[in-house]
Amino acid sequence: MAGLATAGALTAVSAEKAAAQAASDSVLRTALDRGKLIVGTGSTNAPWHFENDAGELVGMDITMGRILAKGLFDDPTKVEFVTQDPAQRIPNVTTNKVDITIQFMTMTAQRSQLIHFSRPYYVEGVALLTLPGSENKTFDKLLANGAATRISILQNVDAESSVHFALPQAQVLQIDTQANVLQALESKRADAAAVDLSTVRWLASRNPDKYFDAGKSWYSMLYGAAVRQGDLDWLTFVNQTFTIAMFGHETALYDAAFKEYFGQEPPPRHPGFPVI
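Residues numbered from 1 in each chain as written. Predicted model: local features only at pLDDT ≥ 70, side-chain atom pairs only at ≥ 80, totals over all residues. Heavy atoms only, no water.

1. Details of the overall build of the protein chain
For the protein chain, the helix and strand inventory stands at 11 helices and 13 strands. For the protein chain, the proportion of its 276 residues judged to be buried stands at 43%. On the protein chain, roughly 14,100 Å² of surface is accessible, and the fraction owed to carbon and sulfur atoms is 54%. (Helix = DSSP H or I, 4+ residues; strand = E, 2+ residues; numbered from the N terminus. Buried < 20%, exposed > 50% of the residue type's maximum accessible area, 1.4 Å probe, protein only. Areas by Shrake-Rupley, 256 points an atom, 1.4 Å probe, with all protein chains shown as cover.)

Right, here's the structure in full:
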């Protein structure tokens, strides 16, 4: 019971006292003094950030912002979302227009020279979307069909190598837009569409009569939030809050979003040896 008692006592620490202990120029102090968090994000990319039927901004990135607001103010609604172009994800952080960017941002060494990344909150990858009524809807069938398998993918310099990493003999159909990548699958010009794992899980869970998860993913890419360099107090707070939300005693928001947007239950967390 000692751990529970300690956790309860810590919740009584006021925002004012917490802010007073942060560096004077830290975003942690600024956000607490302001009374709300300002998050830079997008609005057009389900399942990460998009408007629902009621016109509300929702998605996994939005949930991560609400998790931070709950950690700051014990209120997940005390957050302002600033929609921004992906090209502004780093500039808006470095110029203090937003406190943090949470916008399905792939962590790279090059970007880390400009901003600090939080701990990862999702591991993205390439995956295969197929049709539920197709004879070749599983990865094993696609692989077995060899050169007869046709894969649609968004046109880019790595398209051929990306597909051939998993399906060495497949025909690669490079297509101009993501919508047309999916249209090629729906019209059966392609046997599968190679898209983000999160997209596969979102579409297959939302439209099981239309899309199927072929059961293969590869090329892990880490998604992290971006904060201004040099602000250790803020970075540490973000990292610890994300860790608690994903692996600790306050996982309700993260778990509900993971199930809602990816159609899956997060893996169980077991007390004992820390695996985070």
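Structure's up, so let's keep going.
2. Some thoughts on the environment of threonine 130
Of note, threonine 130 is situated in strand S8 (residues 122-130). With 55 residues separating them along the chain, threonine 130 and leucine 185 place their C-alpha atoms 7.1 Å apart. Setting aside its immediate chain neighbours within four residues, threonine 130 contacts Asn136, Lys137, Leu142, Leu185, Asp191, Ala192, Lys210, Tyr211, Phe212 and Ala214. A distance of 2.8 Å separates a polar atom in the side chain of threonine 130 from the backbone oxygen of lysine 137. (Contact = heavy atoms within 4.5 Å. Polar contact = N/O pair within 3.5 Å; in protein donor to acceptor, adjacent residues only side chain to side chain.)

3. Considerations on the pairing of strand S1 (residues 37-41)
Within S1, 5 of the 5 residues are buried, which leaves it mostly tucked inside the rest of the structure. Burial along S1 is two-sided: the residues Leu37, Val39 and Thr41 and Ile38 and Gly40 are all buried.

4. Considerations on helix H11 (residues 252-262)
The complete set of buried residues in H11 reads Tyr254, Asp255, Ala257, Phe258, Tyr261 and Phe262. Viewed along the axis of H11, the buried residues span an arc of 165 degrees, placing them on a single side of the element. Here the buried face of H11 lies against strand S3 (49-51), strand S4 (57-58), helix H4 (60-73), S8, helix H9 (197-206) and helix H10 (232-247). Immediately beyond the C-terminal end of H11, within one or two residues, lies glycine 263, with a positive phi of roughly 70 degrees. (Arc of directions from axis to C-beta.)

5. Brief notes about the nonpolar core
Ranked by internal contacts, the top residues of the largest apolar core, which has 57 residues, are Met60, Leu72, Ile100, Ile102, Tyr121, Trp234 and Phe242. When residues in this core are grouped by element, the largest group, 8 residues, is from H4. Listed in part, the 16 residues of the second largest apolar core include Val126, Leu128, Val172 and Ala214. (Core = buried A, V, L, I, M, F, W, Y, C linked by side-chain atoms within 4.5 Å.)

6. Re the packing of H4 against H10
Viewed as axis vectors pointing N to C, H4 and H10 meet at an angle of 105 degrees, and their least axial separation amounts to 10 Å. Taken as axis vectors, H4 and H10 run roughly perpendicular relative to one another. Contacts between H4 and H10 involve Met64, Ile67, Leu68, Gly71 and Leu72 from the former and Trp234, Phe237, Val238, Thr241, Phe242 and Ala245 from the latter. Here the contact of H4 with H10 is built from residues that sort into 9 nonpolar, 2 polar and no charged. (Axes fitted to C-alpha atoms, helices over the stretch in contact; angles between N-to-C directions. Parallel < 35°, antiparallel > 145°, perpendicular 65-115°, else oblique. Nonpolar A, V, L, I, M, F, W, Y, C, P; charged D, E, K, R; others polar.)

7. Some remarks on the packing of aromatic side chains
Going through the model one piece at a time under the given rule, you end up with 16 aromatic pairs. Through successive ring pairs, a cluster of aromatic residues spans Trp48, Phe104, Tyr121, Tyr122, Tyr223, Phe242, Tyr254, Phe258 and Phe262. The side chain of lysine 137 reaches across the aromatic face of phenylalanine 212, ending 4.6 Å from its centre. Geometry around phenylalanine 139 places lysine 216 over its ring, the cationic atom sitting 5.2 Å from the centre. (Phe/Tyr/Trp six-rings, centres within 6.5 Å; stacked < 30°, edge-to-face > 60°. Lys NZ or Arg CZ within 6 Å of the ring centre and 35° of its normal.)

8. A look at the UniProt feature "domain: Solute-binding protein family 3/N-terminal" (unreviewed entry) in the protein chain
In the numbering used here, UniProt assigns the "domain: Solute-binding protein family 3/N-terminal" (unreviewed entry) feature to residues 36-265. Helix makes up 34% of residues 36-265 and strand 26%, and the two end C-alpha atoms of the span are 30 Å apart. (UniProt positions renumbered as here; feature names shortened; annotations may be inferred.)

9. A look at the packing of H4 against H11
At a minimum axis distance of 10 Å, the contact between H4 and H11 shows a crossing angle of 175 degrees. Here H4 lies roughly antiparallel to H11, going by the angle between them. Contact residues: H4 offers Met60, Thr63, Met64, Arg66, Ile67 and Lys70, while H11 offers Leu253, Tyr254, Ala257, Phe258, Tyr261 and Phe262. For the contact of H4 with H11, the class distribution of residues is 9 nonpolar, 1 polar and 2 charged.

10. Considering H10
Owing to its 3.6 residues per turn, the α-helix brings residues three or four apart onto one side. When the terminal C-alpha atoms of H10 are compared, their 22 Å separation across 16 residues agrees well with the 22 Å that a helix rising 1.5 Å per residue should span. Among all positions in H10, only Trp234, Leu235, Phe237, Val238, Thr241, Phe242, Thr243, Ala245 and Met246 are buried. (Expected span 1.5 Å × (residues − 1).)

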